[in-house]
Amino acid sequence: MPQVSSKEFGKIEGKTVELYTLANDSGAKAEIITLGGTLVSLYMPDKNGKFNDIVLGFDNLEQYLKESPYFGANIGRAANRIAGGRFTLEGKEYQLAVNNGPNALHGGEEGFNMKIWDAEGFTSGDSACLKLTYTSPDGEENYPGEMNVEAVYSLTASNELKIDFKASCDKTTIVNLTHHSYFNLAGHNSGKIYDHSLKIEADQYTPVDENLIPIGELKSVEGTIFDFRKAKRIGEDAEKAAKDYTSGFDHNFVLNKPENQYGLAASVYEPKSGRKMDVYTNQPGLQFYAANFVENLKGKDGAFYNPHCGLCLEPQKFPNAVNTPNFASPVLKPGEVYKHSISYSFSTE
Ligand code: GLA
């Protein structure tokens, strides 16, 4: 039988942050806190049946509040970069906080990752589930309209961790949610992810300017370091990526599947543990970020995290889509429901 339990993780100004544990029959386990819906640990078996925690994270609330590079968090209202933090909706200009060089990043000074969400644990068939909800007030972080968001985590019997997002609003606004776990399939405390091999279902990517804003063009990956059409060891081009492009892989890929259709986005394999992760989504883009900016962070179990010790595969709309007419629009109108499903599906080979 799947199991769901909860306990206190810490307190912020008297408000309790809970830690929910979702467990399936075969021993896989996901631990999620109500701050940001953050996945703090994920235990999956290796090829010999040994369970390890395969996401980077902290063991205390304090670090999540003060120094987390979005470890395990759900990101909103608008993930990724918006040029100048500016956009225009229905003739009105909005200015978001500029919190990343000249850009707005990941929802602002206090994005959804910094909010305490309401939580309800339950089981459904052979899945252990957690429903998180948050109401973002009109004008929060300067986004228009009140937004109701929901994130439902399900850990299935077949070692799949699913996240189903929904959002609606009462004024025209923008939304682009994603999940920001840093995976290391050898175990969170295993150093660089260079020996992982990665396959991305993308023939094109969105080239960026020096501020990591897409220039608007979709470019073929052919003959570039972004060619992950066949599984490729991440280390192979990582140094080149670090030299040529803003300290490493931090790019959006244009998924081959039809825009709103749910399908495979990427597969990652780690040879020592034999762990494999397939990522599915119904979003058009996938940001591959190789933890370039993680520097000497003290993590769980005495770990120290440094550049390239994890990888993020963040399904989403393309960066700066609100200002780029040929990219799928992140605009959400009253009466519409934004739906975004992600699955991180684990197996061994
Ligand atoms: C995303 C961005 C990166 C970085 C991380 C958080 O993946 O693309 O550039 O900002 O989030 O550190």
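Above: the structure in question.
The structure reproduced in this document is the subject of the present report. (Residues numbered from 1 in each chain as written. Predicted model: local features only at pLDDT ≥ 70, side-chain atom pairs only at ≥ 80, totals over all residues. Heavy atoms only, no water.)

**Concerning the nonpolar core**
- Counting residues in each nonpolar core, the largest one holds 61 residues, and the members touching the most others are Leu42, Ile200, Phe288 and Leu313.
- If near-sequence neighbours (up to four positions away) are discounted, Leu313 is found in contact with His179, Leu198, Ala266, Val268, Met277, Val279, Leu286, Gln287, Phe288 and Tyr344.
- Core analysis: the next-biggest nonpolar cluster, separate from the first, contains 20 residues, Leu19, Leu56, Tyr64 and Leu297 among them. (Core = buried A, V, L, I, M, F, W, Y, C linked by side-chain atoms within 4.5 Å. Buried < 20%, exposed > 50% of the residue type's maximum accessible area, 1.4 Å probe, protein only. Contact = heavy atoms within 4.5 Å.)

**Some words on the sheet that holds strand S13 (residues 147-155)**
- Ordered by their spatial adjacency, 9 strands build an open sheet running S11-S12-S13-S14-S29-S23-S22-S17-S20, and the pairing between neighbours is antiparallel. Among the strands making up the open sheet, the edge pair consists of strand S11 (118-124) and strand S20 (232-233).
- Inspection of the sheet shows S11 paired to strand S12 (residues 127-136) by 7 bridges, in the antiparallel sense. Residue pairing across strands places Ala119 opposite Leu132, the latter belonging to S12. (Pairing = 2+ DSSP bridges. Helix = DSSP H or I, 4+ residues; strand = E, 2+ residues; numbered from the N terminus.)

**Quick word on the sheet that holds strand S18 (residues 202-205)**
- Spatially, the 5 strands line up as an open sheet ordered S19-S18-S21-S24-S27, and their pairing is antiparallel. Each having just a single partner strand, strand S19 (219-220) and strand S27 (312-316) make up the two edges of the open sheet.
- Across 3 bridges, S18 lies against strand S21 (residues 250-255) in antiparallel orientation. Following the sheet pairing, Gln204 is matched in S21 by Val254.

**Things to note about the site of the ligand**
- The environment of the ligand is made up of Tyr70, Arg81, Leu105, His106, His180, Tyr182, Asp250, Gln287, Tyr289, Phe293 and Glu314.
- His180 places a polar side-chain atom, nitrogen or oxygen, 2.8 Å from an oxygen atom of the ligand.
- Contact distances for the ligand include 3.2 Å between an oxygen atom and a side-chain N or O atom of Gln287.
- Considered on its own, the ligand offers 300 Å² of accessible surface; in the complex 95% of this is hidden by protein.
- Residue classes in the shell around the ligand are distributed as 5 nonpolar, 3 polar and 3 charged. (Near = heavy atom within 4 Å. Polar contact = N/O pair within 3.5 Å; in protein donor to acceptor, adjacent residues only side chain to side chain. Areas by Shrake-Rupley, 256 points an atom, 1.4 Å probe, with all protein chains shown as cover. Nonpolar A, V, L, I, M, F, W, Y, C, P; charged D, E, K, R; others polar.)

**A word on the side chain of Asn252**
- Locating Asn252 in the fold gives a position in strand S21.
- There is a polar contact of 3.4 Å between the side chain of Asn252 and the backbone nitrogen of Leu286.
- Ignoring any residue separated from it by four or fewer positions in sequence, one finds Asn252 in contact with Tyr205, Thr206, Gly285, Leu286, Gln287, Phe318 and Pro319.

**Here we look at the packing of aromatic side chains**
- Applying the stated criterion to the full structure yields 22 aromatic pairs.
- Ring geometry for Phe183 versus Phe346: centroids 6.3 Å apart, planes at 50°, classification tilted. Placement of the pair is Phe183 in the loop between strand S16 (178-180) and strand S17 (197-200) and Phe346 in strand S29 (residues 338-348), with a sequence separation of 163 residues. The exposure classification of Phe183 matches that of Phe346, with both residues buried.
- Judged by centre distance (6.2 Å) and plane angle (70°), the rings of Phe228 and Phe253 are edge-to-face. One end of the pair, Phe228, is in the loop between S19 and S20; the other, Phe253, is in strand S21, with 25 residues separating them in the sequence. Grouping residues by exposure puts Phe228 and Phe253 together as buried.
- Aromatic ring contacts, followed pair by pair, group Phe9, Phe58, Tyr64, Phe71, Tyr182, Tyr289, Phe293 and Tyr305 into a single cluster. (Phe/Tyr/Trp six-rings, centres within 6.5 Å; stacked < 30°, edge-to-face > 60°.)

So, to be careful, I would describe these as geometric facts and stop short of saying anything about function.
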